[in-house]
Amino acid sequence: MQPPVNTIEWIGEADDGHLRLLDQTKLPGAVTYLDCRDVETVREAIKRLSVRGAPAIGVAAGYGCVIAAQQGDFLTLADHLASARPTAVNLIWAVTRMKALGSDDPGALLAEARAIHDEDIAMCRAIGEHGAALIEPNTGVLTHCNAGALATSGIGTATAPMYIAHERGVPFRVFADETRPLLQGARLTAWELNRAGIDVTVLCDNAAATILRSGQVQCIITGADRIAANGDAANKIGTYNLAVLAKHHAIPFYVAAPTSTFDFDLPGGNAIPIEQRDPMEVTHGFGPPTAPDGVAAANPAFDVTPAELITALITDRGLIRQINTEQIRQALGLSPQAL
Ligand code: MRU
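Structural notes, computed from the coordinates. Remember, predicted model here, so these are calculated numbers, not experimental data.

On to the overall build of the protein chain. Helix and strand counts for the protein chain stand at 11 helices and 14 strands. At 19 Å, the protein chain has a C-alpha radius of gyration in line with the 20 Å of a compact globule built from 339 residues. In terms of overall dimensions, the protein chain has C-alpha extents of about 60 × 55 × 40 Å along its principal axes. Long-range pairs, those at least 24 residues apart, make up 74% of the contacts in the protein chain between residues at least 6 apart in sequence. Summing over all exposed atoms, the protein chain offers an accessible surface of approximately 13500 Å²; the carbon and sulfur share of this is 51%. Seen as two clouds, the 25 positive and the 37 negative side-chain charges of the protein chain have centres 5 Å apart.

As structure tokens, this is what we get:
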């Protein structure tokens, strides 16, 4: 199955080519593209969420490193790119991997960026294959933010089991939290699932408890921006709320993520850096003020769900049901030293 649109594309050759990104800030109203020919433009695109979602940020950063080499200052510009956003580990993971090549030849770097891109597509598919059976016929699935095709270069992470179940003809319904303050659920998840012919219903974030209590939802699947060694998972603000609600209503809560989203340098979720974004996104998200002039607003972009609230991690290497450092290490095929 193809992703509904090309979110990330390299145009041209290594020496003089450039990065084309679907501008997600314009969705669902318009499908427009941003052409990035210097690192600052790529970095800004990541910061302002033109390209967003942990895996997509990583893939874009890989190509951004090719542009850094074209500009003749690979290492400095690559580090600059890596500082665009702090929470999604895929960004620093991709830049570290590009630097580990030990070359500033745009040709070699483009080959590595393409490898990251291809692997991302394959990891999404594998997450879908492992997770699809969790969606039973005639059930409801709730998701938060956009961990879909738009957030990756494949069929998404949280949405991957949905796309595969749909491909297999399983009937189900998705509830998409609108996801305050920037509405990735309403603008992006609803847009891509609807295009794919999947039954999707948008709800206000604060309607989730009522919908769960109504019996219409049989499982919750979200993505992750960074998963610590013990399985604590950072994701879009509001994910933790859902995990607590899921426990209260005895509904399974799944987190879907590729290997590239695990950070074995951090023992637990308390160490995950949380991005604090502009308060204006809360008070003036889409233009007119929704709060009094000059009033303070808190805008943490992510929260951390403790591993104990997660029923299973859905990874490209399989489901992890007993979530602890040892089980994650084994499931992902990592040596003990890697932890
Ligand atoms: O601020 P965003 O839109 O980049 O946040 C995205 C999320 O929180 C996603 O759920 C996460 O990156 C997983 S994407 C497959």
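Now, onward.
On to empty space enclosed by the protein. In total, this model carries 3 cavities of 30 Å³ or more according to the counting rule given. If you go around the largest cavity, you meet 22 residues; those closest to its centre are R52, G53, A54, N146 and D225. Mapped by element, the contributors of at least two residues to the lining of the largest cavity are α2 (54-70) and β9 (233-236). By residue class, the composition of the lining of the largest cavity is 10 nonpolar, 8 polar and 4 charged. Shared between two domains, the lining of the largest cavity holds at least three residues of each, these being domain 1 (8-124) and domain 2 (130-331).

As a further point, take the sheet that holds strand β4 (residues 139-143). The strand order across the open sheet built from 7 strands is β6-β5-β4-β7-β10-β13-β14, with neighbouring strands paired in mixed fashion. Edge strands, defined here as strands with exactly one partner in the open sheet, are β6 (199-203) and β14 (318-320). Between one strand axis and the next, the sheet turns by 25 degrees as a mean value, whatever way the strands run. Judged from the 5 bridges that link them, β4 and strand β5 (residues 172-177) form a sheet pairing that is parallel. Looking at the pairing, L142 lines up with F175 of β5. Of the strands in this sheet, β4, β5, β7 (219-222) and β13 (312-315) are in contact with helix α6 (residues 160-167), which crosses β5 at around 155 degrees.

The description of an aromatic ring pair rests on the distance of the ring centres and on the angle between the ring planes. On inspection of all chains with the given rule, the structure shows 2 aromatic pairs. Taking the centre distance of 5.7 Å and the plane angle of 20 degrees together, the rings of W10 and Y63 count as stacked. A residue pair is termed long-range when its members are at least 10 positions apart, and W10 in strand β1 (residues 8-11) and Y63 in helix α2 qualify at 53 residues. Given a relative accessible area of 7%, W10 falls into the buried group. Relative to F264, the ring of F262 lies with its centre 6.0 Å away and its plane at 10 degrees, an arrangement referred to as stacked. You can call F262 buried: its relative accessible area is 6%. The ring of F302 has K236 lying over it, and the distance from NZ or CZ to the ring centre is 4.4 Å.

The next subject is the packing of α2 against helix α5 (residues 106-131). For the pair α2 and α5, the least separation of the axes is 9 Å and the interaxial angle reads 175 degrees. Considering the angle they form, α2 stands roughly antiparallel to α5. Of the residues in α5, those touching α2 at P55, G58, V59, G62, Y63, C65, V66, A69 and Q70 are P106, L109, L110, A113, R114, I116, H117 and D120.

The grouping of E13, D15, D16, D104 and D105 at the surface amounts to a negative patch. If you trace the backbone, D16 turns up in the loop between β1 and β2 (18-22). Note on D16: relative accessible area 63%, which makes it exposed.

All right, on to the site of the ligand then. The ligand sits among 17 residues. The nearest are R52, R85, D225, N235 and K236. Between A54 and the ligand, the recorded distance is 2.9 Å, taken from a backbone N or O atom to an oxygen atom. K236 is positioned with one of its side-chain polar atoms (N or O) 2.8 Å from an oxygen atom of the ligand. For the ligand, whose free accessible area comes to 410 Å², the fraction covered by protein is 100%. Placement of the ligand is best described as lying within the largest cavity. Contributing elements (two or more residues each) for the shell around the ligand: α2 and β9. Of the residues contributing to the shell around the ligand, the split by class is 7 nonpolar, 6 polar and 4 charged.

For the rest of this paragraph, the subject is the environment of D35. Relative to the helices and strands, D35 resides in strand β3 (residues 33-36). Judged by relative accessible area, D35 falls into the partly exposed class, the value being 33%. Residues D35 and V200 lie 165 residues apart in sequence; the distance between their C-alpha atoms is 31 Å. Residues within four places of D35 in sequence aside, it is in contact with H18, L19, R20 and T41. There is a polar contact of 3.0 Å between the side chain of D35 and the side chain of H18.

About the criteria used
Numbering of residues begins from 1 in every chain and follows the order in which that chain's sequence is written. Owing to the predicted nature of the model, reporting of local features is limited to residues with pLDDT of at least 70; listing and counting of side-chain atom pairs is limited to 80 or more, with chain, interface and lining totals taken over all residues. The side-chain values count all of the structure's non-hydrogen atoms but skip hydrogen atoms and water molecules. Starting at the N terminus, helices and strands are each numbered in turn, a helix being any DSSP run of H or I of at least four residues and a strand any DSSP run of E of at least two. With C-alpha atoms as the basis for the radius of gyration, the globule rule is written as 2.2 Å multiplied by the number of residues raised to the power 0.38. A contact between two residues is defined here by any heavy atoms of the two lying within 4.5 Å. In short, Shrake-Rupley with a 1.4 Å probe defines the accessible areas, and a residue's cover is counted only from the protein chains shown. Charged residues are defined here as Lys and Arg on the positive side and Asp and Glu on the negative side; His and the ends of the chain fall outside this count. One atom stands in for each charge, and that atom is NZ of Lys, CZ of Arg, CG of Asp or CD of Glu. A cavity here means a set of 1 Å grid points, computed over protein atoms only, where a 1.4 Å probe fits but cannot escape. A pocket is an open set with protein on both sides within 12 Å along at least 5 of 7 lines, and lining residues have an atom within 4 Å of a point. Grid points are joined across faces, edges and corners, and a volume is the space filled by probe spheres set on the points. Residues were grouped as follows: Ala, Val, Leu, Ile, Met, Phe, Trp, Tyr, Cys and Pro as nonpolar; Asp, Glu, Lys and Arg as charged; and all remaining residues, including Gly, as polar. An automatic or database domain assignment supplies the residue ranges for each domain. Only when DSSP finds a minimum of two bridges between them are two strands counted as paired. With axes taken as lines fitted to C-alpha atoms, and helix axes fitted only over the stretch in contact, angles between N-to-C directions fall between 0 and 180 degrees. Two aromatic rings from Phe, Tyr or Trp, using only the six-membered ring of Trp, form a pair when their centres are within 6.5 Å; if the ring planes differ by under 30 degrees the pair is stacked, by over 60 it is edge-to-face, and anything between is tilted. Burial classes follow relative accessibility: with a 1.4 Å probe on protein chains only, a residue under 20% of its type's maximum area counts as buried, one over 50% as exposed, and anything between as partly exposed. Throughout this description, the term charge over a ring refers to an Arg CZ or Lys NZ atom that lies within 6 Å of the ring centre and within 35 degrees of the ring normal. An angle counts as roughly parallel when it lies under 35 degrees, as roughly antiparallel when it exceeds 145, as roughly perpendicular when it falls between 65 and 115, and as oblique in every other case. Like-charged residues are merged into a patch within 9 Å and nonpolar side chains (Val, Leu, Ile, Met, Phe, Trp, Tyr) within 5 Å, provided each residue has over 30% relative accessible area and no salt bridge. One side-chain nitrogen of Lys or Arg within 4 Å of one carboxyl oxygen of Asp or Glu is enough to make a salt bridge. In these notes, residues near a molecule or strand are those with any non-hydrogen atom within 4 Å of it. Counting of polar contacts relies on pairs of N or O atoms within 3.5 Å, with two restrictions inside protein: one atom must be capable of donating a hydrogen and the other of accepting it, and residues adjacent in sequence are counted only when both atoms are side-chain atoms. If over half the atoms of a molecule are within 2 Å of the grid points of a cavity or pocket, the molecule is regarded as sitting in it.

Purely geometric stuff here, so don't read any function into it on its own.
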